[in-house]
Each structure stands twice: as structure tokens, then as C-alpha cells.
Amino acid sequence: MFSQDFVESGKVVNKLFAMIESMLDEDENALICVFIDEIESLAGKRQYPGSSNEPQDSLRAVNALLIALDRLRCRPNVLLFCTSNLIEAVDPAFIDRIDMKQQISNPGPRARYEILRSCYLELGQCGIIAPVRQPLEAATLEQPSQEMLLDGDEDELASGWASLIPSSSSSSSPDRYYTPFSSPPPPHHSTKAPRSQVDFHVVDDRDLPPHHLMMLHFPADEASLPRTLWKVAAKSTNFSGRTLRRLPVLSLAMYTTQDPCPIDEALNALSEAVDNESLREQKDSTGETKMLDCC
């Protein structure tokens with residue numbers, strides 16, 4: 001919103017809010033929502049003139065914004081949303097004019113699991129990671145206890161497990177594979193036949209189920225892929241959503257060599273990347289720096 005021409009930024013701010021008022025004059029029932037990202041760049045703290053190197057143009061822009069907000073207070077159908085990662089850098093006069101302040105913290109464990117899971121599903125669709133293959137007859141299917149079944153799911157789960165148990169005609173077939181879970185696949189996939197060796201190439205919900213299905217079908221199987229991802233998500237504390245989304249790709253580049261990379265090796269690499277990222281942030285918080293170990 002800052003103008004390339006000196007002393008023009010304040011005029012640009014005035015022009016924007018004048019346009020909003022003009023739209024409201026044309027339609028009094030209109031609802032206008034204004035979203036300003038990184039508000040500290042527009043409403044940064046002002047210093048006394050001559051006490052810093054802050055350009056006067058930025059001061060004019062802040063003053064124009066404050067005056068415009070005062071004019072809009074009589075307009076009940078205008079909503080102004082602002083975001084900032086540096087709330088301490090925002091001018092106090094602007095903060096005083098905000099009716100509601102909401103802090104959005106970093107994702108919790110369940111949200112972190114879903115973010116990481118979505119990343120690996122995307123990587124699977126691109127062919128960058130691949131499921132772990134294991135013959136169906138070598139797998140062990142463990143039926144969860146009755147108290148763990150959701151209401152109305154008993155018949156669906158039972159039919160799903162029956163479709164996965166090798167019959168006499170198929171137990172010796174070498175082209176039937178499934179992901180090496182120690183528990184059955186999620187209910188909404190359980191009625192499907194096991195994937196064949198031909199179409200077994202995409203990581204999907206049967207490899208990394210949603211959080212609620214992971215908790216239902218893998219309550220104690222710490223060696224399973226979903227529980228491995230859950231353990232990584234649980235220790236990824238204080239990580240932002242952006243950091244979580246870049247770690248899966250970063251870990252593949254730094255700690256794996258196979259192409260495509262098996263999902264179990266990808267999760268092990270992610271765990272190592274999370275440990276190094278946590279150590280780096282800890283060092284940064286104490287004023288020290290540390291390069292990630294690429295070995």
C-alpha cells in the first residue's frame with residue numbers, strides 16, 4: 001500500500017478508505033470486509049520526529065490509517081481483519097482501535113498429525129514416496145476389541161476384515177499385497193479388495209488414516225506407520241504450520257536417497273528432521289546458531 005512516490009502513501013490509504021465509503025453510500029445494505037495481512041508494515045510503531053531514521057512517509061500512512069478507522073466507526077457493516085506475527089511492532093494507537101484481538105497459537109498435536117499426513121498423501125500422489133510392500137499372507141490382522149468399535153460399525157468392519165483374509169485360492173497368489181499394518185484398514189476402505197501389485201503405488205488413507213481412525217485402529221501398535229507419524233507430530237511442539245509443511249520435503253532431500261522413497265523410511269527421516277529443527281530453534285532462542293546435520 002506504500003506508494004513508490006515519496007509522501008504519497010498517506011494519499012493511497014485515504015483513497016482506499018474513500019472508495020470503501022463510496023461503496024457504502026451506493027448500497028447501505030452492503031457488507032464490506034477488508035483484510036490486511038502483515039499489518040505491522042502499514043501500522044508500525046511511530047517514533048518521535050527526529051528520534052529515528054523512520055521516513056516521514058510511513059508516519060503519514062499510519063496517521064491516515066488511524067483517521068480512516070475513526071471515520072468507519074459509524075459504519076456497522078464494515079469489518080476490518082488484520083494479521084500480524086509481530087504484534088509488539090504495531091502502533092499502540094492502532095491496537096486501541098481494534099475491538100477484538102485473537103491470538104492464534106501453533107497447531108496442536110492432532111492438527112500437526114493432519115498437516116503432516118496431508119503432505120505425505122500429496123507426495124504419494126506425485127510418486128515421490130511409495131507404500132511399503134508386504135505379501136498379504138505374511139501379514140497379521142488383529143481385530144480390535146469390541147469396546148473400541150464405534151456404534152454401527154461392527155458389520156462394516158467385520159465384512160472388511162473378511163475381504164482381507166486370504167482364502168485357499170488366493171493365499172498363494174504372489175501378486176496380492178497390502179500395507180503392513182498390524183491392524184485392519186479404516187472402515188471406509190475396509191470393504192475394498194486388497195490392492196494388487198499393479199495398482200499398489202500410491203500412498204493413501206489406508207497407509208495413513210485420519211486421526212480419529214488412527215486412534216481407533218492403532219491404539220497400541222507403536223510400530224505401525226500411523227503411530228509413527230503420530231509420535232513425530234506429538235514431538236513437533238512449537239512448530240508453525242509453514243514449518244510443518246516444509247519438513248517432509250526437506251527431510252526427504254537431506255536424509256534419504258531412494259526414489260521413490262518407502263513411506264517408512266520417509267517417516268524415519270521426518271523424525272530426524274524434527275529433532276534437528278527443534279535443536280536449531282533451541283539454539284536460535286539462546287542466541288546461538290547451528291547448521292542442520294546432513295549426514
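To start, this report covers the structure provided alongside it. None of these values were measured; they are calculated from a predicted model.

## As for the packing of aromatic side chains
Scanning all chains against the criterion turns up one aromatic pair. When the ring of tyrosine 113 is compared with that of tryptophan 230, the centres are 6.2 Å apart and the planes differ by 65°; the resulting orientation is edge-to-face. One end of the pair, tyrosine 113, is in helix α4 (residues 109–125); the other, tryptophan 230, is in helix α8 (residues 225–235), and 117 residues separate them in sequence. The same class applies to tyrosine 113 and to tryptophan 230, which are both buried.

## A short note on the environment of leucine 213
Take leucine 213: it is sitting in helix α7 (residues 211–217). Look at leucine 213 and you get buried, because its relative accessible area is 6%. Taking the C-alpha atoms as reference points, leucine 213 and proline 226, 13 residues apart in sequence, are found 9.6 Å from one another.

## Digging into the pairing of strand β1 (residues 32–36)
Judged by which residues are buried, β1 turns out to be one-sided: Ile32, Val34 and Ile36 face inward and are buried, whereas Cys33 and Phe35, on the alternate face, are not. Note: β1 against strand β2 (residues 78–82), five bridges, orientation parallel. Bridged to valine 34 within β2 is leucine 80.

## Quick notes on the nonpolar core
With 30 residues, the main nonpolar core has Leu116, Tyr120, Ile129, Leu229, Ile263 and Leu270 as its most contacted residues. Sorting the residues of this core by element identifies α4, α8, α9 (241–255) and α10 (263–285) as the ones contributing at least two each. In this structure, Ile36, Ala43, Ala68 and Leu72 belong to the second largest nonpolar core, which totals 22 residues.

## What to know about the pattern of salt bridges
Going through the model one piece at a time under the given rule, you end up with 13 salt bridges. In this structure, glutamate 114 engages arginine 117 in a salt bridge whose closest nitrogen and oxygen atoms are separated by 3.1 Å. Linking glutamate 114 with arginine 117, this pair stays in helix α4, spanning three residues, or about one helical turn. Notably, a salt bridge pairs aspartate 275 with lysine 235, separated by 3.0 Å at the nearest N-O pair. With aspartate 275 in helix α10 and lysine 235 in helix α8, this pair connects stretches of sequence that are 40 residues apart. A single salt-bridge network, built from bridges that share partners, covers Glu114, Arg117 and Asp205.

## Quick word on the layout of surface pockets
By volume, the largest pocket is sized at about 1500 Å³. Every residue lining the largest pocket is counted, 36 residues in all, and those nearest its centre are Cys82, Thr83, Ser84, Met100 and Gln102. At the level of secondary structure, the elements contributing two or more residues to the lining of the largest pocket comprise α2 (56–72), β2, α3 (92–96) and α9. In terms of residue count, β2 provides more of the lining of the largest pocket than any other element does, five residues in total. Broken down by class, the residue content of the lining of the largest pocket amounts to 19 nonpolar, nine polar and eight charged.

## Quick notes on the packing of α4 against α9
Running from amino to carboxyl end, α4 crosses α9 at an angle of 40°, the nearest separation of the two axes being 9 Å. Put simply, α4 runs oblique to α9. Handedness of the crossing formed by α4 with α9: right-handed. For the pair formed by α4 and α9, the contact residues are Arg112, Ile115, Leu116, Ser118, Cys119, Tyr120, Glu122 and Leu123 on the first element and Gly241, Leu244, Arg245, Pro248, Val249, Ser251 and Leu252 on the second. Here the contact of α4 with α9 is built from residues that sort into nine nonpolar, three polar and three charged.

## Topic: the environment of threonine 83
Structurally, threonine 83 can be placed in the loop between β2 and α3. A sequence separation of 20 residues divides threonine 83 from glutamine 103, and the C-alpha atoms of the two residues are 9.6 Å apart. When near neighbours in sequence (up to four residues on either side) are disregarded, threonine 83 contacts Phe35, Ile36, Asp37, Glu38, Ile39 and Glu40.

What counts and how
Residues numbered from 1 in each chain as written. Predicted model: local features only at pLDDT ≥ 70, side-chain atom pairs only at ≥ 80, totals over all residues. Heavy atoms only, no water. Phe/Tyr/Trp six-rings, centres within 6.5 Å; stacked < 30°, edge-to-face > 60°. Helix = DSSP H or I, 4+ residues; strand = E, 2+ residues; numbered from the N terminus. Buried < 20%, exposed > 50% of the residue type's maximum accessible area, 1.4 Å probe, protein only. Pairing = 2+ DSSP bridges. Core = buried A, V, L, I, M, F, W, Y, C linked by side-chain atoms within 4.5 Å. Salt bridge = Lys/Arg side-chain N within 4 Å of Asp/Glu carboxyl O. 1 Å grid on protein atoms, 1.4 Å probe; cavity = no way out; pocket = protein on both sides within 12 Å on 5 of 7 lines; lining within 4 Å. Points joined across faces, edges and corners; volume = space filled by probe spheres on them. Nonpolar A, V, L, I, M, F, W, Y, C, P; charged D, E, K, R; others polar. Axes fitted to C-alpha atoms, helices over the stretch in contact; angles between N-to-C directions. Parallel < 35°, antiparallel > 145°, perpendicular 65-115°, else oblique. Left-handed = near helix turned anticlockwise from the far one by under 90°. Contact = heavy atoms within 4.5 Å.

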